[in-house]
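# What the coordinates show
Listed below, chain by chain, are the residues.
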Amino acid sequence: MITLGVDVGTTHIKVLALDIEAGRTLALASAETPVVRDSEGEAHRPGEVLDTVVSLLRSVVGQLPDPTITRALCVASVGEEVVLIDAAGAPIGDAIAWYDPRGLDDAATCMAGPGGALPLSRHWPPDATFSLFKLLWMKAHRAEVLAQAETWTDLGDFVLHGLGADLVMDWTHASRAGAFDIAARQWDEASIAAAGLELAFPRLVPSRTVIGTLDADTAAHIGLLREVALVSGGHDHLCAAYGAGVRSTRELFLSAGTSEAHLSLLHAPLEGAAAQGIDQGCYVDDDTWYAHVNIHSGHFFSQWRALLYDGVDDEAMYEAVAAADASGITFDVTDDLRLGRFDDVPYDADAPAIMRAVLEGLARRSGAIVESLEAAAGSPYELVLAAGHPTRVRFWRELRARTYDRSMARVSEHETTAFGAAVMAAHAVEGEDPTDIVAGREAVV
């Protein structure tokens with residue numbers, strides 16, 4: 001049996017074909033995620049994202065020796081983005097990128113007003129990037145567009161809908177919406193009413209649910225049978241954790257990319273003081289929850305790399321940085337995790353020393369997050385398991401291992417999110433968790 005995993009990420013979209021019996025990747029294709037940039041910010045055009053996914057699926061299926069044994073397809077994607085849907089099921093307008101600042105002021109206003117007094121907000125305070133606040137921004141600035149919408153969903157579930165599935169939202173993306181009761185696993189009507197939103201919120205389903213089959217025309221274009229099942233996926237970091245084999249509360253998973261997600265599993269949601277500063281939600285396995293804290297490490301890193309090492313390849317940069325002496329220079333990420341600050345930079349500091357200070361500062365902040373999540377969960381982590389492009393760099397691994405001061409391993413599968421989505425697809429059609437199909441791990445010494 002073959003399953004397909006799709007990862008709609010911040011910078012790239014990937015499609016992976018997985019041989020379930022062998023646990024082996026058969027084919028992989030990738031393309032840049034199309035982004036619309038204008039004076040207001042950055043957004044994704046849902047139709048262009050769907051077209052890119054279809055093109056990549058066609059490429060991957062064309063590499064398979066026998067596409068007819070493909071049974072299922074699952075999509076993972078970035079969270080917090082809003083795809084407005086009209087009465088005919090078509091997308092309306094652009095989806096504001098999850099990292100775009102539009103909605104942050106609306107979040108502050110909402111939480112200072114009716115939103116902050118709601119039980120949901122007291123139990124699980126929403127992050128300012130959540131979908132609810134992007135909807136509020138649209139209500140204030142794009143009312144004519146919002147008025148055309150009958151409902152909405154996230155980017156990954158929109159892709160599935162475009163391929164032929166029912167229009168739904170999985171629990172993990174709903175957990176990032178700002179109006180979802182994670183304990184009851186249902187929309188919180190009081191939050192929706194307080195926001196004054198009149199459009200319908202989508203039907204909710206757990207991850208790994210069969211929500212349809214391929215549209216006939218799409219199946220013919222891609223080269224698959226129409227009977228291929230379409231399976232609800234989840235937030236990309238959570239699908240990556242699932243692909244890496246995270247099933248225990250004793251492991252902390254670090255998904256390092258454009259953003260750096262720290263997450264661990266919980267047997268029950270945290271409430272009160274223990275929940276402050278921690279995002280929580282439903283995991284992709286139906287019966288556990290996750291605690292999560294994110295840093296925009298990739299943005300910090302990319303900014304300083306462009307300023308200090310533009311045109312220099314990674315190997316040369318890391319060789320210089322590893323040999324540098326940052327002696328006394330500190331780079332700290334502020335408590336709101338949105339700003340960085342340098343201290344004690346001498347007038348003769350060179351590029352390697354400054355870049356090393358940035359990497360050390362990001363590692364230090366990550367270490368503090370690991371400790372805070374461990375304290376909130378109330379049990380020690382036996383392992384930090386890291387996945388993502390930075391983990392391929394020896395200096396990065398060594399720096400993090402020293403910072404965490406506990407057992408650490410890296411996931412050897414480069415496309416952990418797409419891999420996890422493909423494993424989730426197998427679970428949906430097989431009816432049981434294929435626990436023996438997980439990405440490989442390598443200990444970090």
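Up top is the structure these notes are about.
Let me sum up the structure you'll find in this document. Not measured: the values here are computed from a predicted model.

Moving on to the overall build of the chain. Looking only at helices and strands, the chain has 15 helices and 25 strands in total. Taken over the C-alpha trace, the chain has a radius of gyration of 21 Å; the compact-globule value for 445 residues is 22 Å, and the two agree within 12%. Counting only residues that meet the buried cut, the chain has 58% of its 445 residues in that class. For the chain, the share of sequence-separated contacts (at least 6 apart) that also reach a separation of at least 24 residues comes to 70%. One way to put it: in the chain the 32 positive side-chain charges average out to a point 3 Å from where the 65 negative ones average out.

If you walk across this open sheet you meet the 7 strands as S19-S20-S18-S17-S23-S24-S25, and the pairing is mixed. Each end of this open sheet is capped by a strand with a single partner; those strands are strand S19 (279-282) and strand S25 (441-444). Direction aside, the axes of adjacent strands within the sheet are offset by 25 degrees on average. Bridge count for strand S17 (residues 251-256) against strand S23 (residues 383-387) is 5 bridges, and the pairing is parallel.

A full pass over the atoms with the stated rule returns 23 salt bridges. Close ionic contact of Arg-176 with Asp-279 constitutes a salt bridge, the shortest N to O distance being 3.2 Å. Of this pair, Arg-176 sits in the loop between helix H7 (171-174) and strand S12 (180-181) while Asp-279 sits in strand S19; the two residues are 103 residues apart in sequence, bridging distant segments of the chain. Taken as a pair, Arg-176 and Asp-279 share a single burial class, namely buried. Notably, a salt bridge pairs Glu-442 with Arg-410, separated by 2.9 Å at the nearest N-O pair. Residue Glu-442 is found in strand S25, and its partner Arg-410 is found in strand S24 (residues 408-411); the two are separated by 32 residues along the sequence. Look at Glu-442 and you get partly exposed, because its relative accessible area is 38%. By relative accessible area, which is 9% here, Arg-410 ends up buried. Taken together, the salt bridges that share partners define one network made up of Glu-40, Asp-100, Arg-102 and Arg-142.

Despite not being glycine, Arg-208 shows a phi value in the positive range, around 70 degrees. Within the secondary structure, Arg-208 sits in the loop between strand S14 (203-205) and strand S15 (210-213). Not every positive phi belongs to a glycine, and Asp-405 is a case in point at roughly 50 degrees. Along the polypeptide, Asp-405 turns up in the loop between helix H14 (394-404) and S24. Taking the relative accessible area as the measure of exposure, Asp-405 reaches 67% and is therefore exposed.

Turning our attention to the nonpolar core. Judged by nonpolar contacts, the single largest core of 73 residues is most densely connected at Leu-84, Leu-135, Trp-152, Trp-187 and Phe-201. Ranked by residue count, the leading element in this core is helix H13 (residues 351-377), at 9 residues. Not counting residues within four places of it along the chain, the set of residues in contact with Leu-84 comprises Ala-90, Pro-91, Ile-92, Leu-135, Met-138, Val-145, Leu-146, Ala-149, Thr-151, Trp-152 and Leu-199. Listed in part, the 42 residues of the second largest apolar core include Leu-4, Val-53, Leu-56 and Val-60.

We now examine the sheet that holds strand S1 (residues 2-8). With mixed pairing, the 6 strands of this open sheet are ordered in space as S3-S2-S1-S6-S16-S15. Either end of the sheet is taken by a strand with one partner, and the two such strands are strand S3 (24-32) and S15. Taken over all neighbouring pairs, the strand axes of this sheet differ in orientation by 20 degrees on average, direction set aside. Summarising the sheet, S1 and strand S2 (residues 12-19) pair through 7 bridges and their orientation is antiparallel. Its bridge partner being in S2, Asp-7 is matched across the sheet by Lys-14. The sheet strands contacting helix H1 (residues 46-61) are S1, S2, S3 and strand S6 (70-77), and the helix crosses S2 at an angle near 35 degrees.

Relative to the helices and strands, Arg-397 is located in helix H14. Only 2.9 Å separates the side chain of Arg-397 from the backbone oxygen of Thr-391, close enough to count as a polar contact. Arg-397 has contacts with Thr-391, Arg-392, Met-408, Arg-410 and Val-444, leaving out every residue within four places of it along the chain.

Assignment of secondary structure puts Leu-135 in helix H4 (residues 131-141). With relative accessibility at 0%, the residue Leu-135 sits in the buried group. Sequence separation between Leu-135 and Thr-172 is 37 residues, and the spatial gap between their C-alpha atoms is 18 Å. What Leu-135 contacts, discounting residues up to four positions off in sequence, is Val-82, Leu-84, Leu-146, Trp-152, Leu-197 and Phe-201.

Quick look at the environment of Ile-437 now. If you trace the backbone, Ile-437 turns up in the loop between helix H15 (416-430) and S25. Separated by 18 residues in the primary sequence, Ile-437 and Phe-419 place their C-alpha atoms 9.7 Å from one another. Every residue in contact with Ile-437, bar those within four places of it in the chain, is listed here: Leu-18, Ile-20, Gly-23, Phe-419 and Val-423.

Further remarks concern the packing of helix H11 (residues 297-309) against helix H12 (residues 314-323). Remark: H11 packs on H12, axes separated minimally by 12 Å, with the N-to-C direction vectors making an angle of 90 degrees. Taken together, the axes of H11 and H12 are roughly perpendicular relative to one another. Of the residues in H12, those in contact with Phe-301, Arg-305 and Tyr-309 of H11 are Asp-314, Met-317, Tyr-318, Ala-320 and Val-321. Considering only residue class, the contact of H11 with H12 consists of 6 nonpolar, no polar and 2 charged.

A large share of S1 lies buried, amounting to 7 of its 7 residues. Every second residue of S1 is oriented toward a common face, with Ile-2, Leu-4, Val-6 and Val-8 on one face and Thr-3, Gly-5 and Asp-7 on the other, all of them buried. Sheet topology places S1 next to S6; 7 bridges connect them, and they run parallel. Within S6, the residue paired with Asp-7 across the bridge is Ala-76. In sequence, S1 turns back onto S2 through a hairpin of 3 residues.

Rules behind the numbers
Residues numbered from 1 in each chain as written. Predicted model: local features only at pLDDT ≥ 70, side-chain atom pairs only at ≥ 80, totals over all residues. Heavy atoms only, no water. Helix = DSSP H or I, 4+ residues; strand = E, 2+ residues; numbered from the N terminus. Rg over C-alpha atoms; globule rule 2.2 N^0.38 Å. Buried < 20%, exposed > 50% of the residue type's maximum accessible area, 1.4 Å probe, protein only. Contact = heavy atoms within 4.5 Å. Lys, Arg positive; Asp, Glu negative; His and termini not counted. Charge placed at Lys NZ, Arg CZ, Asp CG, Glu CD. Pairing = 2+ DSSP bridges. Axes fitted to C-alpha atoms, helices over the stretch in contact; angles between N-to-C directions. Salt bridge = Lys/Arg side-chain N within 4 Å of Asp/Glu carboxyl O. Core = buried A, V, L, I, M, F, W, Y, C linked by side-chain atoms within 4.5 Å. Polar contact = N/O pair within 3.5 Å; in protein donor to acceptor, adjacent residues only side chain to side chain. Parallel < 35°, antiparallel > 145°, perpendicular 65-115°, else oblique. Nonpolar A, V, L, I, M, F, W, Y, C, P; charged D, E, K, R; others polar.

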